[in-house]
Amino acid sequence: MEKRLRSSLKTSAEEFLSTAKKLGFAKSTKSTLKNLIYTLTPPSDLVSSLPPSLHRSISQSINKFKSFSSSSPQTSPQTPPTKRVRRSSRHLKSDDASHTTENEKKRQKESVVENLEIYTYIAFLCVTHPKGAFSAADLLPGVSELHDNLVIFESDSTLLSEIANLCEEWWKRNLPGKEALISQSLPFLLSRSLTLKKKVDVHRVYSLREAFILFDFEDEESIEDLKNLLMRCVISPLYFKTEEGRKFIAFIFGLSGQLVTEALAMIKSQIPFGRKSMLEAYGEIVFRVWKSVEGESKDEIENDFLQGLIESAIHATSPAFAASIRTVLGAFIIQRTTHGVEKLLFRLAEPVIFRSLQVANSNVRHNALHLLLDLFPLEDPDATKEVEDTLLDKQFFLVNKLLTDECPDVRVVAVEGGCRILNLFWEVIPTPSITKILTKIFDDLTHDNCTEVRFSTVNGIMYLLGNPHSHEVLKVLLPRMGHLILDHALSVRVAIMDLLLLVRDMRNFQFHKVVQLELLLSSLANDHPLVARKITKLLIPSYFPSQVTQEEACNRFIALIRRCPVAGARFCEFCVSEGASLQSLKELFGVLIRLTLSSDRLDAQHMDGLLTAASRLCDNLVNDPSTKAAMKEEVNDEKLKRIFAAAPTTHAKSCVCKIVTAISPDAVDGLFKDCLGLIMNCSAICSDMNRQVELRSAHKMVLSCDWFDLMFDAMTKHLQKTAHDCHVGFGIEQTKFIDASAKRRKTKSTARASSKLGDDEKKRSSKFVKSRFYEDYAIATGIAWQIKELLLSENMRTAILTSRNLEAAFDALKVISEVSILQCLQCDTMSASPVLAYATLTLHMSLQHVSTIGNTHSSSREGECLDSSDSPLESISRNTVLDSTFNHLFNCTYKVVMEDGCVKYTDLQTDMPRPTHDGSSFIKPKRISNMLKVLTAVLKLIVDAISIEIADDNEELCMKFAMTCIKFMMFNLKKYSNTQLQFTEEGLRETFVCLRSSFTYVAKFLSLLLKNSSKASLLLPAPCNLANELFNLFASVEECLGYGYAARLITAVKPWVPDLILALGSIHLLKQSSGGTASDCDAYIFSLWTTTLAKIEFYELQGVASDEEAVRGSKSERFSALRKLLGIMVQLLRTNPDVLDAVGAIFLNGLLVGLDRKEFDHVLGILHFVCMKLVRQHEEWEGLKLMLASVQSIYPRIEVEAQELRDDADGRQLLKNARALLEPVWLHYLSGEHRNQMG
């Protein structure tokens, strides 16, 4: 084929073109054509005949392409396909023929397109002929025809690209007639660059930029599409990210005055949303345009665009928006040395900036100060020196004044900006101005009451230190900042440490003169790890330098630990991460061990510091095998025993445990007794965070030394002893797992004490409890806390669940938990820790299918603490550990709550509180707080069990228990508000934490329950009741504890509001029609939270027009947190019509009860909430079937009640107002039949 093509060159141009199109438009074809055409020279006949032949071929192919296009059916792509009809067999032949014809036309059309691609490429080769053999005039007709028909080839990207390349090359070679080849090709290239987003296309567009001048931009109709493409370039990331793209956008501005206006408006619209890089590009583009244009366009840029930006930067409503505007202006500010820029900035900014710095609006002052600092120094290049000095003094005066501005945000900017000015212009600023600014910074702003200001002050001084000329002055002033090391804000303390680290590396500065060494060591010992780490980095060159010998470095550290043992120990925690040598630290570890062995010369404080330091070094060095081996040689079995014996405090002993765990757990057989003593000394562990850390270290040592069974055995024995004391002292029934020695102490009379203690036994048990019980109980609570902690670790949890003492420990915890609950309101020392341990152990045993409850446990003993006549519980399965624990904990809790008289199962009882053991009826707040902790622990067990799906068939019991807990909490909140309970501030905080946790657990319980709709429907209306009580609890917290606590509670409530709403509407959503549902729903209208809601809405409806109403209004405003919660509810309900319908029906159904009770103000308040908040327009009632059904019952009833109230004008007016709210709904949606009946 290539030979035929070569031979055709010797015949005619038509033959050559005919042969070329048979080759197809492939890569090999293009290479062959290029080689052949480039070999042609002017004497050849083909050079003169090829252009006209090419033109004829192009014309024929274009005409043929048009004929194919005109014969194709023109159907809209948006028109849906017609229904396909079933054809009979006699039509199949004609259909096949039609289909064949269509395929043939498609192939012919593709062939024509391919021919045009070849012709276009041949024309391109002719234009680019290296010797210019072909005449441009001869080629122009064919090229022009391709260009003019470019738009009809929009579906053939390859042909479009070839034609555009041809036209582009024609323009670049400046061939005659180039102006006729850009009207179609240039928009195509511009559109291609915006679509494909390739930098090479931007380069092509930029190289053809001069061609855009040929377009008539004044002809709005014809140029509209091209203008739209150009405006798209203005906001295209590809264009403003590339250099040539930015130049092209700047070039666009010069095409037309109208384009300048539109492009500037486009840029201005992008400023609020643009990234910094985009805004900087826009600034650069506008600056380029400003330099290149003259006349009206330049005036528009200066007086409209830039002036508008300056004013907007000052009056911007948000700091981010103001910063974005200043970023665009920054392109002019950094070019202020360019001729005319300084004068321009002064002319535009001076009239507004000084005035804005002194206005009352702090936001304007803040923005104006930012702008002044960017422009500083604001100068008029044409002014005299005297005028310039006056202007500069004015700027210094304003900056100095704003350092003490009343707005903290302004002071932050002023101090950072003032330091920046001093850093940049120190040498030329008058000394009095420097003195004024620095005096105010060091004397006032370092003591500012705003954390951000103090933080910015430190950062500003660090920036100022970058100017060496400031060092002599700052060396004197820096000690005035030393107190910031004790600042209450962590960010300030971290910043001052960064300042000290900067100062340490500067000549002529001594960091310990800025902050005293005693303060640094105190902070190292006690401050946050971020601060302590930086202090360690600061002190390493002084107390553990790498440039001296290891012996010298160790001696320096010993000097540190003698000076402040706690600081020295903390130093070891961070020294590895701050670059200390591992070899030197290994040597230091040996020195510390040797010093501890010479404990006769050390006091307890230093001994404690040495061991803490050694344990922290262990933590850092143990990961290196060689270092660990060396450390193991340093501390053999004998040394560890001596160190443990010499450890003066429990903290020191726990440090030894850490060392043993890390280095040599197999070499300390003689330490078990001492370690066990450390573990069993746990009476105050629940509230002592430091002791908790120490015990965790001991636990790790026990596990690593394989002593766990021995430790757990000792724990179990103490729990058993305490359980036996509970039996003797309180008559609690023992289980079969109490140890034998305890059983032998059990007499015949005490065996009968489970039901009633005899008088002699009571005296003896009382004497016994007073002498020993409380001490043993405190240790047992500590052991319970440890068991709960041990269950968190997988290895220790496995060890407990496989221990032979598991059953004994479980039963002992059960007895102790029962006493902890039953005596919670009678004794201050009772704790929730046994209940937490008992519940946690139950959960893990159930997960592992470990059972301690079997046939050996009689069912009668399970309910021993509460007679069946007193308990509201139904019988439950006792075949699993979890079922038994639920039954046991619920029974015990109900007994306490019911005997206390605080709450019955179905209602609150406020009378006849049970006397305490001292004869008074007053229950101490601490006991209430402890009881709340117990309730919270049980609720946690319920939620955990249901979450992991092991609480089958217990949902109803759990629901009743949760309801009782909520009522108990509300009852005691009411007692607190009535001053019957007097919590300390700490006690109130603890109580609130329990309330918040309980609320979260109950809400999560509801959420888990509602996920199983079939199970939840069987419990109705209990989910509704429980959700209602949770809303009541929230209202009680705000009413009794105040807005502060309610605001903190709302953060915990907010994630569960959707679940509470679903629970509230579950009666309708789950389509349950069981008996009693309607009455339960109706009663909600008079619960605490809905009553408060009705009051809020009623006072809002009435307005505050009189003094009495003003008082009422102020009362309603107390419930600000409830208002926020209601706002969240309304927002969520309005997004789901089905849920809105269900919940709204509950509100409306309750109005009938309100009408029966003559509570017309409440009825009006609820109606106002439903009609004005939930459903705001009467058109929104469409589809709310349940609510409309309720209105159908309520509206006639309101009319009847209003007619019957002849003597009560106020009540009649309230009902008229209520009717007015419902009337549009009644008239629009409900039939006239009922209205006619009422007529």
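About the cut-offs
Residues numbered from 1 in each chain as written. Predicted model: local features only at pLDDT ≥ 70, side-chain atom pairs only at ≥ 80, totals over all residues. Heavy atoms only, no water. Helix = DSSP H or I, 4+ residues; strand = E, 2+ residues; numbered from the N terminus. Buried < 20%, exposed > 50% of the residue type's maximum accessible area, 1.4 Å probe, protein only. Contact = heavy atoms within 4.5 Å. Areas by Shrake-Rupley, 256 points an atom, 1.4 Å probe, with all protein chains shown as cover. Phe/Tyr/Trp six-rings, centres within 6.5 Å; stacked < 30°, edge-to-face > 60°. Lys NZ or Arg CZ within 6 Å of the ring centre and 35° of its normal. Patch = residues over 30% accessible without salt bridge, like charges linked within 9 Å, V, L, I, M, F, W, Y side chains within 5 Å. Salt bridge = Lys/Arg side-chain N within 4 Å of Asp/Glu carboxyl O. Lys, Arg positive; Asp, Glu negative; His and termini not counted. Charge placed at Lys NZ, Arg CZ, Asp CG, Glu CD. 1 Å grid on protein atoms, 1.4 Å probe; cavity = no way out; pocket = protein on both sides within 12 Å on 5 of 7 lines; lining within 4 Å. Points joined across faces, edges and corners; volume = space filled by probe spheres on them. Nonpolar A, V, L, I, M, F, W, Y, C, P; charged D, E, K, R; others polar. Core = buried A, V, L, I, M, F, W, Y, C linked by side-chain atoms within 4.5 Å. pLDDT = per-residue confidence, 0-100. Bend = angle between axes of the 7 residues up to and from the residue. Polar contact = N/O pair within 3.5 Å; in protein donor to acceptor, adjacent residues only side chain to side chain. Expected span 1.5 Å × (residues − 1). Disulfide = S-S within 2.5 Å. Axes fitted to C-alpha atoms, helices over the stretch in contact; angles between N-to-C directions. Parallel < 35°, antiparallel > 145°, perpendicular 65-115°, else oblique.

Where an unreviewed UniProt entry is consulted, the protein chain appears under the name Condensin-2 complex subunit G2, with the organism given as Coffea arabica.

Engineer: Please clarify how the overall build of the protein chain should be interpreted in this entry.
Structural biologist: Helix and strand counts for the protein chain come out as 62 helices and zero strands. Evaluated residue by residue, the protein chain yields a buried proportion of 53% over its 1239 residues. Contacts in the protein chain between residues far apart in sequence, at least 24 positions, make up 75% of those at least 6 positions apart. With an accessible surface of roughly 56800 Å², the protein chain has 50% of that area assigned to carbon and sulfur atoms.

Engineer: Looking at this model, I keep getting lost on the packing of aromatic side chains. Mind explaining?
Structural biologist: In this structure the tally under the stated criterion is 27 aromatic pairs. Look at F287 and F332: their rings are 5.3 Å apart centre to centre, the planes differ by 85°, and that puts the pair in the edge-to-face class. Note that F287 is positioned in helix α14 (residues 276-292) and F332 in helix α16 (residues 319-333), a separation of 45 residues in sequence. Residue class for F287 comes out buried when judged on its relative accessible area of 6%. Each residue in the set F212, F215, Y239, F248 and F251 is aromatic and connected to the rest through ring pairs, giving one cluster. One cation-aromatic arrangement involves R1048 over F992; the distance from NZ or CZ to the ring centre is 5.6 Å.

Engineer: Hey, could you run me through a positive patch on the surface in this one?
Structural biologist: On the surface, a cluster of positive charge is made up of R4, K21, K22 and K64. By the secondary structure assignment, K21 is in helix α2 (residues 13-23). Residue class for K21 comes out partly exposed when judged on its relative accessible area of 32%.

Engineer: Help me understand empty space enclosed by the protein in this model?
Structural biologist: Space left empty within the atom packing is revealed by a probe, the size of a water molecule, rolled over the atoms. Taken as a whole, this structure holds six cavities of 30 Å³ or more when the rule is applied. Elements that contribute at least two residues to the lining of the second largest cavity include exactly α46 (925-947), α47 (955-977) and α48 (985-1011). With four residues, α47 is the largest single contributor of residues to the lining of the second largest cavity. Residues that form the lining of the second largest cavity fall into these classes: ten nonpolar, two polar and no charged.

Engineer: What exactly am I supposed to notice about the pattern of salt bridges here?
Structural biologist: Pairs can form between side chains of opposite charge once their charged atoms are near each other. Following the criterion strictly, the structure yields 50 salt bridges and no others. Two residues, D382 and K343, come together in a salt bridge whose shortest N-O distance is 3.2 Å. In this pair, D382 is assigned in the loop between α18 (362-375) and α19 (385-402) and K343 in helix α17 (residues 341-356), connecting sequence segments 39 residues apart. You can call D382 exposed: its relative accessible area is 59%. Overall, the relative accessible area of 33% leaves K343 in the partly exposed class. Through salt bridges with shared partners, one network takes in E168, K172, R192, D201 and R204.

Engineer: I tried to follow the nonpolar core on my own but got confused; where do I start?
Structural biologist: Judged by nonpolar contacts, the single largest core of 416 residues is most densely connected at I122, F212, F248, F557 and W1181. Examining the composition of this core, we find that 13 residues originate from one element, α46, more than from any other. Those residues in contact with I122 that sit more than four places away from it in its chain are F16, L17, A20, L33, I37, L50 and L54.

Engineer: It is not clear to me how the confidence of the model for the protein chain should be interpreted in this structure. Could you clarify?
Structural biologist: Caution is warranted with low-pLDDT regions, since their predicted coordinates should not be read in detail. Across the protein chain, pLDDT averages 82, with 85% of residues at or above 70. Contacts of residues 737-769 to residues separated by more than four positions or lying in other chains number 37 contacts, the stretch itself having pLDDT below 50. Here residues 1233-1239 is modelled with pLDDT under 50, and outside its nearest four sequence neighbours on either side it reaches eight contacts, counting other chains as well.

Engineer: I tried to follow helix α27 (residues 529-543) on my own but got confused; where do I start?
Structural biologist: Think of an α-helix as 3.6 residues a turn; residues three or four steps apart then line up on the same face. Of all bends in α27, the biggest is about 30°, found at K537, and the proline P541 comes one to four residues later. Among all positions in α27, only V531, A532, I535, T536, L538, L539, I540 and Y543 are buried. Contact partners of the buried residues in α27: α24 (490-504), α25 (511-514), α26 (517-526), α28 (550-563) and α29 (565-574).

Engineer: Looking at this structure, I do not really get the environment of L391. What am I missing?
Structural biologist: Structurally, the position occupied by L391 is in helix α19. Residue L391 is classed as buried on the basis of its relative accessible area of 11%. Separated by 14 residues in sequence, L391 and P377 have C-alpha atoms that sit 9.1 Å apart. Those residues in contact with L391, other than ones at most four positions away along the chain, are F346, F354, L378, E379 and D380.

Engineer: So what exactly am I meant to see when it comes to the side chain of R246 here?
Structural biologist: Examined against the element boundaries, R246 turns out to sit in helix α12 (residues 243-253). We classify R246 as buried; its relative accessible area is 13%. There is a polar contact of 3.4 Å between the side chain of R246 and the backbone oxygen of K241. Of note is the side chain of R246, whose polar atom sits 2.9 Å from the side chain of E243. Setting aside residues up to four positions removed in sequence, R246 forms contacts with Y239, F240, K241, A281, E284 and I285.

Engineer: Is there a simple way to think about helix α42 (residues 806-822) in this case?
Structural biologist: Between the first and last C-alpha of α42 there are 24 Å, a value that for 17 residues agrees with the 24 Å anticipated at 1.5 Å per step. With respect to burial, α42 is a largely interior element, 16 of its 17 residues being buried.

Engineer: Looking at this structure, how should I read unusual backbone geometry?
Structural biologist: Comment: phi is negative for the bulk of residues other than glycine, and the bulk of peptide bonds are trans. Cis geometry marks the peptide bond from F376 to P377; its omega dihedral reads -10°. One non-glycine residue with positive phi stands out, namely N174, at about 55°. Tracing the sequence through the fold places N174 in the loop between α7 (157-172) and α8 (185-196). The exposure class of N174 is exposed, given its relative accessible area of 53%. The phi dihedral of D706 is positive, around 60°, even though this residue is not glycine. Its location among the elements puts D706 in the loop between α36 (689-704) and α37 (708-730). Here D706 falls in the exposed class, since its relative accessible area comes to 68%.

Engineer: How should a negative patch on the surface be read in this particular structure?
Structural biologist: Together, D216, E218, D219 and E221 make up a negatively charged patch on the protein surface. If you trace the backbone, E221 turns up in helix α10 (residues 220-234). Overall, E221 belongs to the exposed group, its relative accessible area being 77%.

Engineer: Please explain the state of the cysteines as it appears in this structure.
Structural biologist: Throughout this description, disulfide means a covalent bond between two cysteine sulfur atoms. For the coordinates displayed, the defined rule picks out zero disulfides. For the unlinked cysteine C657, the closest cysteine sulfur is that of C675, found at 4.1 Å.

Engineer: Looking at this structure, how should I read the packing of α27 against α29?
Structural biologist: Packed helices, taken two at a time, are described by their axes: the angle between them and the distance between them. Their axes nearest at 9 Å, the elements α27 and α29 cross at an angle of 90°. Judged on the interaxial angle alone, α29 and α27 are roughly perpendicular. Contacts between α27 and α29 involve P529, A532, R533, T536, L539 and I540 on the former and, on the latter, R570, F571 and F574. In terms of residue class, the contact of α27 with α29 is made up of six nonpolar, one polar and two charged.

Engineer: Sorry, what's going on with the environment of E243 here?
Structural biologist: Turning to its location among the elements, E243 is positioned in helix α12. What makes E243 partly exposed here is its relative accessible area of 37%. Residues E243 and V202, spaced 41 residues apart in sequence, show a C-alpha to C-alpha distance of 9.8 Å. Once residues within four sequence positions are removed from consideration, E243 is found in contact with E284 and R288.

Engineer: Explain the environment of V622 here, please?
Structural biologist: Among the structural elements, V622 can be located in the loop between α31 (604-621) and α32 (625-634). For V622, a relative accessible area of 19% corresponds to the buried category. Counting along the chain gives 40 residues from V622 to A662, while the straight-line C-alpha distance between them is 6.6 Å. Sequence-distant contacts of V622, defined by excluding residues within four places in its chain, comprise K628 and A662.

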